[in-house]
There are 2 protein chains.
Amino acid sequence: MVETDEDMRAPATVEEFRLRLAEVLDDLPRRLRQCADYIAANTERIAVSTVAELAAGAEVPPSALMRFCQILGFSGFSEMQRLFRDAYSPGFPDYSTRLKNLRAGEAGSPAALLAEFVEAGRLSLETLAKQADEEALTRAVDILAAAGTLHLVGYRRAFPVSSYLAYVLEKMAVPAMLHGGLGKLEHRHALRPGDAVLAITFAPYSEETIQMAAEASARGLPVVALTDRMTSPLVRHATAILTVPEVDFGAFRSLSATIAMAMALAVAVGTAREVL
Amino acid sequence: MVETDEDMRAPATVEEFRLRLAEVLDDLPRRLRQCADYIAANTERIAVSTVAELAAGAEVPPSALMRFCQILGFSGFSEMQRLFRDAYSPGFPDYSTRLKNLRAGEAGSPAALLAEFVEAGRLSLETLAKQADEEALTRAVDILAAAGTLHLVGYRRAFPVSSYLAYVLEKMAVPAMLHGGLGKLEHRHALRPGDAVLAITFAPYSEETIQMAAEASARGLPVVALTDRMTSPLVRHATAILTVPEVDFGAFRSLSATIAMAMALAVAVGTAREVL
DNA sequence: CTGGGCGTGGAATATTTATTCCACGACGGC
DNA sequence: GCCGTCGTGGAATAAATATTCCACGCCCAG
């Protein structure tokens, strides 16, 4: 029973545990690697889970997780768990308590800011869930699924959303073209018959986006608008209108709801097109 | 089997649990009273202890504690424990499974998809609030506030985040340079002494981002990593590490938590710099 | 006192959970 | 292309843990 190249003693603190984890990470076979990843991402759950639960989370059989514990230097899962159970400090039982705690820090502290953004995002999502216009969404999907190339238009704050859409659509093999953002390039001539435009803008609305939408609608191309309210200047040019309620924190917008909407749109369009 | 004067259903939340506890406290025989006292004082240990351990703590035999659980309305200790384990970290282990089914099941009406993305975002944000590392966040802010130009590195999925950061930082008059994303330009030579790098990447990690971080750290520049887990290859090059838990489904990631973190970072850095 | 009900502890049992073990299969070196 | 090694998953087993059950004794009412 030689201790080949493995460290014999088990980590005694959570910190040691992390180090050990990083240490072994590189040369680990597939399944054990999965364990390491999952455990690293969910360390806090070790204390309150069973082998079976963690193994399921990591998508490995329990025996793999068992071996993993041993490689880390523990005699088995129980020993590893004991480490985390002992170190278990009540943490923060539930979301609202924790949020209060974060906010309580001096105003403007990074943690307090984080709390505000998290809350803003959550509120936005909740509102979106309540008041989403399903009909408009379905219409938008139909339009985009039927079109040739999709033109994604979004400047400034909307650019992160449109660029993400471009990425996701590409993954789904949907032809899409990203306009706006960096190079201020004029792609107007790229609009071709059969194409559709997905225009994204929020107050204060960007002129370029509105013009693009206007141009497309003048040429008879369908325009899907993703914007903040029904009074948006985009509305007059749009064939389908999706509004997302976004709660701002100061001048800063969380984008959570917008991205959720954009993703739903993208995936729906992607699957609809696959079928065709 | 009459339910004399006892409430039949078990508490469903920690709050309900506390109420129930206070409610029964008064008329309780000696041993059960001891249980109640001990449990009230050590509620947080329930999630990570065995019946025997808690019983020992309360100085009662296990069977007494057992009866106590039942009086509270639970079927037994296990059920009570489950309440606290779930409260500690809400189960999204089965979440990715849910999304898989959604795709496989061909179900996805656009509205259903939207609901899923909303839920994923909400979950991500809550988890972020619970397990954010305040210390690391503060460190990251200090580093970035003290630096010259900030280099934002994020390809693919991370690009929306870094581009949003670029936008916000510009608004706050913080000198920042956006790398990666579209033009595949090599900006490596742009790194200058006194600068700092904010690198963003998630599994599967993009090679370019890691190289950039490596380069910076080799030159002695501080690197802040915004990534998904502690096993990220970015970790070895980073001066400060921020991890965000994001419910993730192939290419479809809600990004809510990531953006919340990024925004908090940007605003904190912006205000810190103003003061200087 | 004395009988009945209730609280009690501990021992027996059921159940869950961890851990070991081994046969199979892939992979790489010879 | 064969053999040895190593990774793997699942089934068998061991251990821990929860849960039930019952006999005893205290206390109070009659």
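Caption draft 1: Representation of the overall build of chain A in the model. Along its length, chain A carries 11 helices and 7 strands. Going through the 276 residues of chain A one by one, you find that 54% of them count as buried. Sequence separation of at least 24 residues holds for 67% of the intrachain contacts in chain A that already meet a minimum separation of 6. In the form shown here, chain A has an accessible surface area of approximately 12200 Å², with 54% of it arising from carbon and sulfur atoms.

Caption draft 2: Seen up close, the protein's contact with DNA strand D. The environment of DNA strand D is formed by 15 residues, the closest being A:Arg31, B:Val51, B:Met66, B:Gln70 and B:Phe77. The share of sugar and phosphate among atoms of DNA strand D within 4 Å of the protein is 74%. Between a base oxygen of DNA strand D and a side-chain N or O atom of A:Ser63, the distance comes to 3.3 Å. A distance of 2.6 Å separates a phosphate oxygen of DNA strand D from a polar atom in the backbone of B:Val51. Put simply, the parts of the chain that give the surface near DNA strand D at least two residues each are α2 (30–41) and α4 (62–71) of chain A together with α3 (51–58), α4 (62–71) and α5 (77–88) of chain B. It is α4(B) that contributes the most residues to the surface near DNA strand D, 3 residues altogether. Its residues placed into classes, the surface near DNA strand D shows 6 nonpolar, 6 polar and 3 charged.

Caption draft 3: The interface of chain A and chain B, seen in detail. With 67 residues of chain A at the contact, the number on the chain B side is 60 residues. With both sides pooled, the region where chain A packs onto chain B buries about 5800 Å², and carbon together with sulfur makes up 70% of that total. Seen at the junction of chain A and chain B, the total is 3 salt bridges. Ionic pairing is found between A:Glu126 and B:Arg122, a salt bridge with its closest N-O pair at 4.0 Å.

Caption draft 4: Just the sheet that holds strand β4 (residues 223–227) of chain B, in detail. All names here are of chain B. Pairing within the open sheet is parallel, and its 5 strands lie in the order β2-β1-β3-β4-β5. In this open sheet, the two strands that pair with only one neighbour each are β2 (176–179) and β5 (240–243). For this sheet the average axis-to-axis angle between neighbouring strands, irrespective of direction, equals 15°. Of the strands in this sheet, β1 (150–154), β2, β3 (196–201) and β4 touch helix α10 (residues 207–218), which is tilted by about 155° from β3.

Scoring rules and cut-offs
Residues numbered from 1 in each chain as written. Chains lettered and ligands numbered in written order. Predicted model: local features only at pLDDT ≥ 70, side-chain atom pairs only at ≥ 80, totals over all residues. Heavy atoms only, no water. Helix = DSSP H or I, 4+ residues; strand = E, 2+ residues; numbered from the N terminus. Buried < 20%, exposed > 50% of the residue type's maximum accessible area, 1.4 Å probe, protein only. Contact = heavy atoms within 4.5 Å. Areas by Shrake-Rupley, 256 points an atom, 1.4 Å probe, with all protein chains shown as cover. Near = heavy atom within 4 Å. Polar contact = N/O pair within 3.5 Å; in protein donor to acceptor, adjacent residues only side chain to side chain. Nonpolar A, V, L, I, M, F, W, Y, C, P; charged D, E, K, R; others polar. Buried area = accessible area lost by both parts, 1.4 Å probe. Salt bridge = Lys/Arg side-chain N within 4 Å of Asp/Glu carboxyl O. Pairing = 2+ DSSP bridges. Axes fitted to C-alpha atoms, helices over the stretch in contact; angles between N-to-C directions.

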